[in-house]
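# Observations on chain architecture
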Number of protein chains: 2
Amino acid sequence: MRIAELSRLSGVPAPTIKYYVRESLLPPGERTSRNQAQYGERHVTRLRLIRALLEVGGLSVAAVRDVVAALDSPATGTHKVLGAAQQTVTAVRVGGSHDEPEHLEAVAEIRDLIERQGWKVSEHSPALTAAADVLGALRQLGQDDFADQLDAYARAADAVAATDLEIVRERGDADAMAEAVILGNILGDALLAALRRLAQIHRSAELFE
Amino acid sequence: MRIAELSRLSGVPAPTIKYYVRESLLPPGERTSRNQAQYGERHVTRLRLIRALLEVGGLSVAAVRDVVAALDSPATGTHKVLGAAQQTVTAVRVGGSHDEPEHLEAVAEIRDLIERQGWKVSEHSPALTAAADVLGALRQLGQDDFADQLDAYARAADAVAATDLEIVRERGDADAMAEAVILGNILGDALLAALRRLAQIHRSAELFE
């Protein structure tokens, strides 16, 4: 298809498509003459991913370039691609120095949790640091009763992850899988937060009304 | 205790404490002379709640006043107080008009889900609107495979809510319960997001490595 058709299908204006090609986010079309190029189905899915990363994920153009570079590297297996996609949507709250004893204690607590759950996760995962940051904040605010329920929350998170990965696996195509990881985490976090509150309302009424 | 001791125990500077009293966030101490007042344990827990609302929750002084007014109203039962606390931390994403057919469809879908789960929740709950907003965004972005897994996500959210409410119930004191709802939702959402990603890494490795 020509750029006009790609623009229509994807909802992305032609000048923006050309900008993405210049910035190496989108592979160029196949040149058919000096002023024309042909685009394929792959450009449509890639544009959807780029829009998701930029608009829903709030990523910079440079960060999107890193994600698509990982996607396009022939040496990269699916697990690594999904990891790269996930890292773009893993917020690491930087509350104080990461050398403080409180933070190191929280990291050790999360490591123990990971071991108890039987999860195999790298020591350097940003998700581990993110979990330790929140745990440290809970302990610092005197919310030890929450911190003590880590295992219950981890079991629920694992059930969510099982559903997530089932969806990712069913997609098959690498771009669509990365898209599922990114949108599923960003929008999925918001969805879970809302469903959690609905369930809380129900359970609070049962207990206290 | 005098204001200096209250300041030391709570970590809140005395002028700030006086400001909270003027703004009706904190009840005044008991006057013992023209220039002195006595504060009790209740002021310590209330100050912790106020700090949590302002600093972790990012609420305005006016919003904090609404929460503590609900807490202090003798007519308000625990369920209503928890509901008021929860509403302060329920983000409603406003994506387009709420009269659009797409939004109304998403609302109907969430209502069906609530019924299937056997949850008793008001039609006007902000959490219902929030869930519908995210569901609408997922459908609009073509992520129907996520939207189709609503029940699996709802079951995980319910397991989280069961743990949440157990913690809240154990606290007993109304201020501490409201604090648990607010901090537990804000920090708990971040904790769940991080644990979900750790579990994803594990499950991705199992599937694709």
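Residues numbered from 1 in each chain as written. Chains lettered and ligands numbered in written order. Predicted model: local features only at pLDDT ≥ 70, side-chain atom pairs only at ≥ 80, totals over all residues. Heavy atoms only, no water.

## Some details on the interface of chain B and chain A
Facing 75 residues of chain B, the contacting portion of chain A comprises 75 residues. Both faces combined, the contact of chain B with chain A buries some 7,200 Å², and carbon together with sulfur accounts for 69% of it. The interface formed by chain B and chain A holds 10 salt bridges in total. In this assembly, chain B and chain A are joined by 36 residue pairs in polar contact (both at pLDDT 80 or more). (Contact = heavy atoms within 4.5 Å. Buried area = accessible area lost by both parts, 1.4 Å probe. Salt bridge = Lys/Arg side-chain N within 4 Å of Asp/Glu carboxyl O. Polar contact = N/O pair within 3.5 Å; in protein donor to acceptor, adjacent residues only side chain to side chain.)

## Some points on the relation of the copies chain B and chain A
Rotating chain B by 180 degrees and moving it 0.0 Å along the rotation axis overlays it on chain A with an RMSD of 0.0 Å. A rotation of that kind, with that shift, is consistent with a two-fold axis. If distances are taken from each C-alpha of chain B to the rotation axis, the shortest is found for alanine 156 of chain B, at 2.6 Å. A high fraction, 100%, of the interface residues of chain B reappear at the interface in chain A, so the copies pair face to face through one surface. (Least-squares fit on C-alpha atoms with pLDDT ≥ 70 in both.)

## Examining the packing of helix α6 (residues 101-117) of chain B against helix α7 (residues 126-140) of chain B
In a packed pair of helices, the relevant descriptors are the angle between the two axes and the axis-to-axis distance. All names here are of chain B. Axis separation between α6 and α7 bottoms out at 8 Å; the angle between their running directions is 120 degrees. Between α6 and α7, the crossing angle belongs to the class labelled oblique. Here the hand of the crossing between α6 and α7 comes out right-handed. Mapping the contact onto sequence places His103, Ala106, Val107, Glu109, Ile110, Arg111 and Ile114 in α6 and Leu128, Thr129, Ala131, Ala132, Asp133, Leu135, Gly136 and Arg139 in α7. Split into classes, the residues belonging to the contact of α6 with α7 amount to eight nonpolar, three polar and four charged. (Axes fitted to C-alpha atoms, helices over the stretch in contact; angles between N-to-C directions. Helix = DSSP H or I, 4+ residues; strand = E, 2+ residues; numbered from the N terminus. Parallel < 35°, antiparallel > 145°, perpendicular 65-115°, else oblique. Left-handed = near helix turned anticlockwise from the far one by under 90°. Nonpolar A, V, L, I, M, F, W, Y, C, P; charged D, E, K, R; others polar.)

## Regarding the pairing of strand β1 (residues 30-33) of chain B
Inspection of the sheet shows β1 of chain B paired to strand β2 (residues 36-38) of chain B by three bridges, in the antiparallel sense. Looking across to β2 of chain B, one finds that arginine 31 of chain B is bridged to alanine 37 of chain B. (Pairing = 2+ DSSP bridges.)

## Thoughts on the pattern of salt bridges
Taken as a whole and assessed by the stated rule, the structure comprises 36 salt bridges over all chains. One salt bridge connects aspartate 72 of chain A with arginine 42 of chain A, and the closest N-O pair in it is separated by 3.6 Å. Within this pair, whereas aspartate 72 of chain A is found in helix α4 (residues 61-72), its partner arginine 42 of chain A is found in helix α3 (residues 41-56), the two being separated by 30 residues in sequence. Arginine 42 of chain A gets classed as partly exposed once you look at its relative accessible area, which sits at 49%. Between aspartate 189 of chain B and arginine 196 of chain A there is a salt bridge; the shortest N-O distance is 2.9 Å. Within this pair, whereas aspartate 189 of chain B is found in helix α10 (residues 174-208), its partner arginine 196 of chain A is found in helix α10 (residues 174-208), the two belonging to separate chains. Connected through shared salt-bridge partners, Arg42, Arg46, Asp72 and Asp175 of chain A make up one network. (Buried < 20%, exposed > 50% of the residue type's maximum accessible area, 1.4 Å probe, protein only.)

## Topic: the nonpolar core
Formed by 65 residues in total, the largest nonpolar core has its most connected members in Tyr20, Val64, Ile182, Leu195 and Leu198 of chain A together with Ile110 and Tyr153 of chain B. If near-sequence neighbours (up to four positions away) are discounted, leucine 195 of chain A is found in contact with Leu113, Trp119, Ala131, Leu150, Tyr153, Ala154 and Ala157 of chain B. Residues Leu128 of chain A together with Val12, Ile50 and Val81 of chain B belong to the second largest nonpolar core, which totals 63 residues. (Core = buried A, V, L, I, M, F, W, Y, C linked by side-chain atoms within 4.5 Å.)

## Overview of the UniProt feature "domain: HTH merR-type" (unreviewed entry) in chain A
Residues given the UniProt feature "domain: HTH merR-type" (unreviewed entry) here are residues 1-70 of chain A. Across residues 1-70 of chain A, the secondary structure splits into 61% helix and 10% strand, with the terminal C-alpha atoms separated by 26 Å. (UniProt positions renumbered as here; feature names shortened; annotations may be inferred.)

## So, the domain arrangement of chain A
Interface size is commonly expressed as the accessible area that is lost once the parts come together. All names here are of chain A. Along its sequence, chain A is carved into domain 1 (3-74) and domain 2 (101-208). Each side of the interface is counted separately: domain 1 has 10 residues, and domain 2 has eight residues. When the two sides are added together, the surface that domain 1 and domain 2 hide from each other amounts to roughly 790 Å², 68% of it contributed by carbon and sulfur. Of all residues in domain 1, Leu49, Val56 and Leu71 give up the largest surface area on contact with domain 2, accounting jointly for 47% of the area buried on that side. Connecting domain 1 to domain 2 are two salt bridges. Among the salt bridges present, the one from aspartate 175 reaches arginine 46, with a minimum N-O distance of 2.6 Å. For the pair domain 1 and domain 2, the interface holds two residue pairs in polar contact (both at pLDDT 80 or more). Secondary-structure elements contributing two or more residues to the side of domain 1 that touches domain 2 are α3 and α4. At seven residues, the largest contribution of residues to the side of domain 1 that touches domain 2 is made by α3. Per-class residue counts for the side of domain 1 that touches domain 2 are six nonpolar, two polar and two charged. (Domains from an automatic or database assignment.)

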